[in-house]
Amino acid sequence: MGEYNTLIYEALNMSEKYCLGKPREHCGVIGVYSPDKSIQVSRYAFDGLIALQHRGQESAGIYVQNGKGITGHKDMGLASTVFTKKILSTLYGNKAIAHVRYSTTSDSNIENAQPKKFVSTLGSYAIAFNGTITNFLKLRSMLEEKGHVFHTDSDTETIAHVLAANLLETDDYTQAIFKSMNELKGSYSMVILNEKGDLYAVRDPLGFKPLCIGQINNIFMVASETAAIESLNGTVLGDVAPGEVIRITDSGPVKEGAIKAERHARCMFEFVYFSRTDSRFDGISIYRVRERLGKILAQIHPVDADIIVPVPDSGRTAAAGLAAESGIPMVEGLIKNRYVWRTFIMPVQAEREDQVKLKLNPVRELISGKDVVLVDDSIVRATTMKRIVCLIRNAGANKVHVRVSCPPIIAPCYMGIDFPTSRELIAANQTIEEIRKFIGADSLGYMTIDGLMQGIGLPENELCLACLNKKYPIETLDTDFLERQLGGQKRVEN
Ligand code: SF4
């Protein structure tokens, strides 16, 4: 990793450490396929990564297939720092997969960055994946007993070995992928590019994570979010359905079939926070969901106040909905400094306290003397919200009412989201009244689970709500084991 990238990476670690107390998404994936061999698609892959940068900022990678095999580049840092024009120009090929990563199940280092390339007896292939394989350690030890040798501690490598084992039994990639899906438990939305130039888009049968397909002129694109396709002036052709395998061919996407499940488990946090506001998840507008959640909040927790202030940027759309329903004006009373990571040389003790102040600054002229409704999408540990309430009070607010568009988070996530363990989740350990006192608000109103389902427009058996109701959708989940595993990983500390 170059000196400049190292510097940026350290700065990002600092910035991410203080990402205002939010859980973080695991990854974003891109696949690009041009039937015209003269078109170099790495530029499209790069632009797609830029559009998905919010889904992972620790590493970025692009691998291309160019008739001579699969080659690529990846490094730690943002896509814009990992890929210079010069590097992109060396990635020559008409098919590509790409990835941005934030780690949850393995260390953040270049060995675990994606895409990952593997060599099997049937040639090489590369995988880029978003999710968590919950049985990967079990699969790994089974494969090690059969002689497979692992080089990293990542679940992506386990996926590759499972696929390699199945490719030994059939030389049909599609069949090998379906066989692998029957063995893999957990959440996965992934793209696979093989040496022959076949590009596959694969989504787990419960459909935890989004994955969609689009077209930009004659080029086909797979992406974690519709916004990535539309940012490139493309047209979204549709979603990869839960359990579905789609192969991209010269004439377009071909549905190879799907593994059916009795229920689905779309991550409710994609609707509430992770996905871009301008994306659609399985055809449902993220903007409309967040706006509806704000309106529902206004109905279930009415409040008499002068202004609504969103916590930028996560609370903005819900705040707009709340303002529309309540008639209380919304103002930008908190301004976010997007370059806070540049101040990374700070005394360690002062870091946590000062970072919220550096990141958010109240507009005293709007807030002083007012009864304020502060809106955010979620409260995790509540330490950040406590500091924001304090900022608003110090700016002269009369009263501070807090409204949250996600219900209380009471349990960890084992499906690929960087959540704290149960003991760190404030709603797992304290009542709403205790949380209100802790954050120093005059009132605190959370979304209900019924309200959330109403806002999303899907019933319980179409969603994962496990961090809200402890009903984990994966039967074989060993939660104690996973909590011990994930509890040992690096965590956001605020
Ligand atoms: S437990 Fe929560 S964050 Fe994790 S997949 Fe389910 S809804 Fe999403």
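First, a word on scope: everything that follows refers to the structure included in this document. The structure displayed is predicted, hence computed values, not measured ones.

## Description of the sheet that holds strand 9 (residues 212–216)
Reasoning step 1: Pairing is antiparallel in the open sheet, where seven strands are placed in the order 3-2-4-1-10-9-11. With partners counted over all chains shown, the strands left at the sheet margins are strand 3 (70–76) and strand 11 (235–239), one partner each. When the angles between neighbouring strand axes are averaged without regard to direction, this sheet yields 15°.
Reasoning step 2: Across four bridges, strand 1 (residues 27–33) lies against strand 10 (residues 219–223) in antiparallel orientation.

## Regarding empty space enclosed by the protein
Reasoning step 1: As enumerated under the stated definition, the model contains seven cavities of 30 Å³ or more in all.
Reasoning step 2: Here the largest cavity defines a volume of roughly 130 Å³.
Reasoning step 3: Lining the largest cavity we find 16 residues, and of these Cys-267, Cys-413, Ile-417, Cys-464 and Cys-467 sit closest to its centre.
Reasoning step 4: Counting residues per element, the ones that place at least two in the lining of the largest cavity are helix 9 (268–274) and helix 18 (466–469).

## So, the side chain of Asn-469
Reasoning step 1: Considering the arrangement of structural elements, one finds Asn-469 in helix 18.
Reasoning step 2: One polar contact links the side chain of Asn-469 to the main-chain amide nitrogen of Lys-471, over a distance of 2.9 Å.

## Here we look at the site of the ligand
Reasoning step 1: Lining the immediate surroundings of the ligand are Cys-267, Met-268, Cys-413, Met-415, Ile-417, Cys-464, Ala-466 and Cys-467.
Reasoning step 2: The cavity where the ligand resides is the largest cavity.

## Topic: the sheet that holds strand 20 (residues 371–376)
Reasoning step 1: Judged by pairing direction, the sheet is parallel, and its four strands sit side by side in the order 17-20-21-22 without closing on themselves. A single partner strand is all that each edge strand has here, and the edge strands are strand 17 (307–310) and strand 22 (443–446). With direction set aside, neighbouring strand axes in the sheet form an average angle of 20°.
Reasoning step 2: Here strand 20 pairs with strand 21 (residues 399–404) via six bridges, running parallel. Bridging across to strand 21, Leu-374 finds its partner in Val-402.
Reasoning step 3: The strands touched by helix 16 (residues 432–439) are strand 21 and strand 22; relative to strand 22, the strand with the most contacts, the crossing angle is about 130°.

What counts as what
- Residues numbered from 1 in each chain as written.
- Predicted model: local features only at pLDDT ≥ 70, side-chain atom pairs only at ≥ 80, totals over all residues.
- Heavy atoms only, no water.
- Pairing = 2+ DSSP bridges.
- Helix = DSSP H or I, 4+ residues; strand = E, 2+ residues; numbered from the N terminus.
- Axes fitted to C-alpha atoms, helices over the stretch in contact; angles between N-to-C directions.
- 1 Å grid on protein atoms, 1.4 Å probe; cavity = no way out; pocket = protein on both sides within 12 Å on 5 of 7 lines; lining within 4 Å.
- Points joined across faces, edges and corners; volume = space filled by probe spheres on them.
- Polar contact = N/O pair within 3.5 Å; in protein donor to acceptor, adjacent residues only side chain to side chain.
- Near = heavy atom within 4 Å.
- Sits in = over half its atoms within 2 Å of the grid points.
- Contact = heavy atoms within 4.5 Å.

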